[in-house]
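# Overview (structure and organization)
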Amino acid sequence: MREEMAQREAAELLRGQRKPRSPHGWGLLVALWLLAFYEPVVTEGHLRRKNLEFIFIRFSAWEFAGCDKLWAGLVTTLCQRIREHFGALPLSVFHVLGTRPRFASGFSQREWILKKGTCLRLWGLLLLLGVGVAILLVALLVPGIKDHHALKVVGSAVASLSGSSLVLGALSILKNFMVSEKKKIERLTNSERFAGQLGFMSKIRGEVEVLVDFLAFMEVFERRRLRVVLEITSLDLCYPEKVAGVFNAMATLLSDANAPFIFLLAVDPSVIVPCLEQTGCMKGLADNGYLYLNRAVTLPFSIPEMGARSRLRSVEAAIQTREDLMYRIIAGNVAKNRGAPAAPGRREADAEAVAWIHEAFRCLHDGSDVLSRYLPDNGANVRRIVNTIPITLRLLLHRAAGAGAAVSPRAAAAWVVLADRWPCRLSWTLQCLEDAGQSVPAPDPAAKSLWSIFLENVGELSALRQPLGKVLSLDGDPELFQAFLARDFPFSAGEARELLGVTVNLDHSIRHQMGLLRGLGRL
C-alpha cells in the first residue's frame, strides 16, 4: 500500500498537478487560516485526483480485552491516532470553526470559498469591541464627561459583550485542545448514569462524524485522498461478547457510505465463528457465524498454504530472535577475564548445549532435510517450536549428566515438531505405551516402534472420537503423521520414554484424560 501511495504521487506530479501540502510547519498556519475563514469545496478536479495517503492505525484487541467496552477502545484508538497524525490544534479549531466540504455547483474549480457570515460576525464583534473601548476611554479620560456614569455603563457593556464572545470562542478552542476526543469518549463510557441512556451511541457517533468531516476537510487542503486503515489483530484472544462488540463498532463506523475507513481484520475464522454464535448478534441468521462473516467482510482473503521457502524464512526469522543462546558463554568469558569464580564444568555444559541447539536449528533450516517439510504453516507454531527446542535439548543433556544422550539433536528437534503437530495422536500412543508397561505380565516393548503401537490401538482411539473430539482437532494431517512415524522418524518405544521426560510442549493432561477414558472403557 505504501508503494501504491508513492507511485500514485509520482504519477500525479508528472501530470502537472499541484504538489500536496502538509499541516505542519508553515502549512499549519495556512491550514488554520483556511479553517477559520474559508469553506472547502469538492470540485471535479479533486474527484479526479488519483494520489492518496493511507493512515495506518494498528488496533490490538488484546490490549483492551480487560475493559468493559472493547468497541470503545477501537473508537478511542482511532480518534487518538488521527489527532496525533494531524496535530491537536487543527482538529481543535475544526471543532469550533470548521465546516464539512460541500460539492461544487457545475464545473467550478474553486476549492475555497470565503465564509462571509463568519467574516461579518468577526468584523462586527471587533467593531463593537472597538466602539465599546472608545466610549469607555472617553468616559474615563475626557474632562467634563467623567461624571457621566451612563457612558461608562454603555461602554463597558458593549466592550464586555463583544469581548466575551471572542473569549468564549477562544476558550472553546482551548477546551478541545486540552480535552481530546479520546478523553471525551472515555468519560462517556465511564459514566454509568449516561451509558444507560439512548443518547449514548449518538454521542459516540457524533464524535466519529466530526472526525470524518475533518478528514474530508484535510483531503481538500492536502490535495489528495485520505484513507484510514485500521488493522485489527488479536481479536481471537478475547471473550465472545467483546468480539461481537468490535464487529458492531465496525458497522457503526462504516454506516456512512462516504466514510474513509478501511478495516483489515486478521482473525482465525475457526475461533471467531464460535464466539459470534455464542452472542446475541446471530439472531435472524440461523445461528450461522460463517454467514455473519460473509455479510460483514467485503473482501475475504485466506492466506494460502505456506511453501517450502516461506517455511524456511519463517524458521530463520524465529531463530534470529534467539540470540540469547550465546549470552551465557559470553557472560562466562567476561567473568573469567575479570577473575570471577565459575562453577566447574558449567562453561563446558553450556558450550555443548549451544552446539546441540545450533545443530538442531541447522536441521530445521536445511531445505534438503526432510524435517523441514513437517514444519507448520502458522508462524506462531514455528516460534513455539524454535523456543521449545533449546529447553528440550538442555534438559536432555542435564538428564544424561555427562554420560552422553542416546538421542541426537536432529531427533530431539523432530520430537518437538511431532509433539507440536500431533499432540492428540502422540499422547494416545504414549498412553498406550505406558499402559502396556504396567500390564501383568509385562512384555518389554522397548524395541517396538511408536507407529506399530499406534496401529495396534487406533481402533480404540476411533471409538473415543466423541469425548476426544476437541483434542483431535488440534492434530495436523493424519497422512503426514503416518509418514513421519512410519518412514522418516521411526521412534522406538525406548527413545520415546527417554524423550517423554524432557517434553515440555505436550500437554500431559491430555494423556491423563485418555488414561481415564481407557480405564472406564475396560470396567
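Residues numbered from 1 in each chain as written. Predicted model: local features only at pLDDT ≥ 70, side-chain atom pairs only at ≥ 80, totals over all residues. Heavy atoms only, no water.

By the naming in an unreviewed UniProt entry, the protein goes by NKPD1 protein and is assigned to Orthonyx spaldingii.

### So, the sheet that holds strand E3 (residues 102–103)
Formally: Think of it this way: DSSP has to see at least two bridges between two strands before they count as a pair. Secondary structure counts use DSSP, requiring at least four H or I residues in a row for a helix and at least two E residues in a row for a strand, with both numbered from the N terminus.
On the basis of which strands lie adjacent, the open sheet formed by three strands has the order E3-E1-E4 and mixed pairing. Looking at strand neighbours, the two that pair on one side only are E3 and strand E4 (112–114), the edges of this open sheet. Across three bridges, strand E1 (residues 38–42) lies against E4 in antiparallel orientation. Among the inter-strand pairings, Glu39 is bridged to a residue of E4, identified as Ile113.

### What to know about the side chain of Lys115
Operational definition: Burial here depends on accessible area, computed with a 1.4 Å probe over protein chains only, as a share of the maximum for the residue type. Under 20% is buried, over 50% is exposed, and the range in between is partly exposed. Within this scheme the basic residues Lys and Arg register as positive and the acidic residues Asp and Glu register as negative, but His and the chain ends are omitted. Here, a salt bridge means any Lys or Arg side-chain nitrogen found within 4 Å of an Asp or Glu carboxyl oxygen. As used in this structure description, the phrase polar contact means that two N or O atoms lie within 3.5 Å; if the pair is within protein, one of them must be able to donate a hydrogen and the other to accept it, and residues adjacent in sequence are counted only when both atoms belong to side chains. Pairs of residues are marked as contacts when any of their non-hydrogen atoms sit within 4.5 Å.
Inspection of the secondary structure assignment puts Lys115 in the loop between E4 and helix H6 (116–141). The side chain of Lys115 is buried and forms no salt bridge, while Glu39, the nearest opposite charge, is found at 7.5 Å. In this structure the side chain of Lys115 is engaged in a polar contact, spanning 2.7 Å, whose partner is the backbone oxygen of Leu97. If near-sequence neighbours (up to four positions away) are discounted, Lys115 is found in contact with Leu35, Ala36, Phe37, Tyr38, Glu39, Leu97 and Thr99.

### Side note on the pairing of strand E2 (residues 52–60)
When you tally the buried positions in E2, you get seven out of nine residues, the bulk of the element. Two strands pair when backbone bridges link them, and E2 and strand E5 (residues 225–233) are joined in this way by nine bridges, in the parallel orientation. Bridging across to E5, Phe54 finds its partner in Arg227.

### Some details on the nonpolar core
Spelled out, the test is: Residues belong to one nonpolar core when they are buried, are Ala, Val, Leu, Ile, Met, Phe, Trp, Tyr or Cys, and are joined through side-chain atoms within 4.5 Å.
The biggest cluster of nonpolar side chains holds 58 residues, and the ones touching the most others in it are Phe484 and Phe491. Examining the composition of this core, we find that nine residues originate from one element, helix H18 (residues 409–421), more than from any other. When near neighbours in sequence (up to four residues on either side) are disregarded, Phe484 contacts Leu371, Tyr374, Ala414, Leu418, Trp422, Phe489, Pro490 and Phe491. Counting residues in hydrophobic clusters, the runner-up holds 52 residues, among them Leu34, Val220, Ile232 and Leu253.

### A few points about the sheet that holds strand E6 (residues 261–265)
So the rule is basically this: The angle between two axes is taken between their N-to-C directions and runs from 0 to 180 degrees, where each axis is a line fitted to C-alpha atoms and a helix contributes only its stretch in contact.
Pairing is parallel across the open sheet formed by three strands, whose spatial order is E2-E5-E6. Unpaired on one side and paired on the other, E2 and E6 mark the two borders of the sheet. Recorded for the sheet is a direction-independent mean angle of 20 degrees between the axes of neighbouring strands. As paired strands, E5 and E6 are joined by five bridges and run parallel to one another. For Leu230, the partnering residue across the bridge sits in E6 and is Phe263. Relative to the sheet, helix H11 (residues 240–253) contacts E5 and E6, its axis offset from that of E6 by approximately 155 degrees.

### Notes on helix H23 (residues 493–500)
Where we set the bar: Along the arc lie the directions from the helix axis toward the C-beta atoms.
Those residues of H23 that sit buried are Ala493, Ala496 and Leu499. One side of H23 carries all its buried residues, which in axial view fall inside an arc of 125 degrees. Here the buried face of H23 lies against helix H17 (379–400), H18, helix H19 (423–438) and helix H20 (450–463).

### Notes on the pattern of salt bridges
Considering all chains together, one arrives at 24 salt bridges under this definition. With a closest N to O distance of 2.6 Å, Glu12 and Arg15 form a salt bridge. In this structure Glu12 comes out as buried when scored by relative accessible area, which is 4%. What makes Arg15 partly exposed here is its relative accessible area of 47%. Of the charged contacts, one joins Arg225 and Glu219 as a salt bridge, the two residues approaching to 4.0 Å between their closest N and O atoms. The network of salt bridges with common partners includes Glu9, Glu53, Glu222 and Arg224.

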